[in-house]
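Residues per chain, in single letters:
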Amino acid sequence: MPSFASDAQIPDTWDCPRCGFPAGKDRDNPPDPPRTEPYKTHLAYVRERRSDADGEAILAEALAKLRGEI
């Protein structure tokens, strides 16, 4: 446990200076570590929001604009 000023209110949790995970007053029952989400690319987020049919329609529209058809 880190040192706190005598007149300071000790928080329930703080970041451990060694590992960076949450720490608390009870050494035998530490707080749960934060849940980390795996890194996702922009394309992965787009694929979550759009179906393959939507993607094909957007691609067809973009190609039509490039070809001067629209």
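It should be noted that the structure appears before, not after, this text.
Quick caveat, the model's predicted, so the values are computed rather than measured.

Caption draft 1: Focus on the layout of surface pockets. In this model, the largest pocket occupies a volume close to 310 Å³. Along the walls of the largest pocket sit 15 residues, with M1, W14, C16, A23 and G24 positioned nearest its centre. Broken down by element, the lining of the largest pocket gets its largest block of residues, three residues, from strand β2 (residues 22–24). Taken together, the residues of the lining of the largest pocket break down into ten nonpolar, one polar and four charged. The wall of the second largest pocket is formed by L43, V46, R47, R50, S51, D52, G55 and E56. Where the lining of the second largest pocket is concerned, the elements lending two or more residues are α1 (42–49) and α2 (52–67). Of the residues in the lining of the second largest pocket, the class split is two nonpolar, two polar and four charged.

Caption draft 2: Quick look at the state of the cysteines. Taken as a whole and judged by the stated rule, the model has zero disulfides. C16 takes part in no disulfide bond, and the closest cysteine sulfur, belonging to C19, lies 3.7 Å away.

Caption draft 3: Spotlight on the packing of aromatic side chains. Summed over the entire model, instances satisfying the criterion amount to one aromatic pair. Aromatic pair F4 and W14: ring centres 5.5 Å apart, planes at 70°, arrangement edge-to-face. Highlighted residues: F4 in the segment before β1 (13–15) and W14 in strand β1, separated in sequence by ten residues. Given the relative accessible area of 32%, F4 is considered partly exposed.

Caption draft 4: Focus on the pattern of salt bridges. Tallied over the full model, the rule gives four salt bridges. The partner of K25 in a salt bridge is D12, with the nearest N and O atoms 3.9 Å apart. With K25 in the loop between β2 and α1 and D12 in the segment before β1, the pair connects residues that are 13 residues apart, well separated along the chain. When the shortest N-O distance is used, the salt bridge between E37 and R35 registers 3.2 Å. Overall, the relative accessible area of 53% leaves E37 in the exposed class. Residue R35 is classed as exposed on the basis of its relative accessible area of 73%.

About the cut-offs
Residues numbered from 1 in each chain as written. Predicted model: local features only at pLDDT ≥ 70, side-chain atom pairs only at ≥ 80, totals over all residues. Heavy atoms only, no water. 1 Å grid on protein atoms, 1.4 Å probe; cavity = no way out; pocket = protein on both sides within 12 Å on 5 of 7 lines; lining within 4 Å. Points joined across faces, edges and corners; volume = space filled by probe spheres on them. Helix = DSSP H or I, 4+ residues; strand = E, 2+ residues; numbered from the N terminus. Nonpolar A, V, L, I, M, F, W, Y, C, P; charged D, E, K, R; others polar. Disulfide = S-S within 2.5 Å. Phe/Tyr/Trp six-rings, centres within 6.5 Å; stacked < 30°, edge-to-face > 60°. Buried < 20%, exposed > 50% of the residue type's maximum accessible area, 1.4 Å probe, protein only. Salt bridge = Lys/Arg side-chain N within 4 Å of Asp/Glu carboxyl O.

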